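Understanding the architecture of this molecule
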Amino acid sequence: MWIRAAAVAACVVLLAGCTGSTGAGRVATEESSAGRSIQARWWEWAAAEPEGTNPVVDETGEHCARNQPGDVWFLAGTFGGRVERRCTVPLGVPVVAPVVNLVATRAWDCFAFMTEASGVVELDGAEVPLERFEDEPITFVAGAGNPVTGVGGSTQGAGCGLWARIDPLGAGEHHVSIRGTSGTLEVVAEYTLTVAASSESAA
């Protein structure tokens, strides 16, 4: 079984950094006290919502804030094609996003996917370093009616992809551009992120 390949927009972003700083760094393997990998956490986030409110399907960014964890802000790419999204992000939270990524039942499928994977993430016009995850066993729980796995419940597989990480952004407006390909999959996700002051809430 193949799970639909998706790209993370604007930061696959695992972030750690000072509030108000702007920068890019290496994607951490673990991003929670429970020690779950960022890939598992992102896929669970991406597969939590049904089609109508799913952030990967979202064309405008109105569903950006759905199910966001408190310690990181996830961005989504697409199942292929181009989108432009606007999101409000809380101050002091790192952003993480995949450029192109996949969960497969066979490690060989990840190998084939990553052989052709390429892409770039830019933050306010500056390129963000990417990290490759070649093949990592992951488990996540999907919601009913989601467009990522198609079914709810626990999913296990090999996770792989290109990821970017951005440190917490300063208050104001920022642009994140995500462009990636692997085989016939082509993803372009343009994000306008408005980082709210501490007294404001994310939308």
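The structure we're discussing is the one just above.
To keep things clear, this report deals only with the structure shown in the data block. (Residues numbered from 1 in each chain as written. Predicted model: local features only at pLDDT ≥ 70, side-chain atom pairs only at ≥ 80, totals over all residues. Heavy atoms only, no water.)

To continue, consider the pattern of salt bridges. Scanning the model with the defined rule gives eight salt bridges in all. With a shortest N-O distance of 2.9 Å, D71 and R41 are connected by a salt bridge. With D71 in the loop between α1 (38-46) and β2 (73-74) and R41 in helix α1, this residue pair connects regions lying 30 residues apart in the sequence. Overall, D71 belongs to the partly exposed group, its relative accessible area being 33%. (Salt bridge = Lys/Arg side-chain N within 4 Å of Asp/Glu carboxyl O. Helix = DSSP H or I, 4+ residues; strand = E, 2+ residues; numbered from the N terminus. Buried < 20%, exposed > 50% of the residue type's maximum accessible area, 1.4 Å probe, protein only.)

Within this structure, the stated rule accounts for seven aromatic pairs. Ring plane angle 45 degrees and centroid distance 6.3 Å describe the contact between F133 and W163, whose orientation is recorded as tilted. Within this pair, whereas F133 is found in strand β7 (residues 130-142), its partner W163 is found in strand β8 (residues 153-166), the two being separated by 30 residues in sequence. Each member of the pair, F133 together with W163, is buried. (Phe/Tyr/Trp six-rings, centres within 6.5 Å; stacked < 30°, edge-to-face > 60°.)

Keep in mind these values describe shape, not function.
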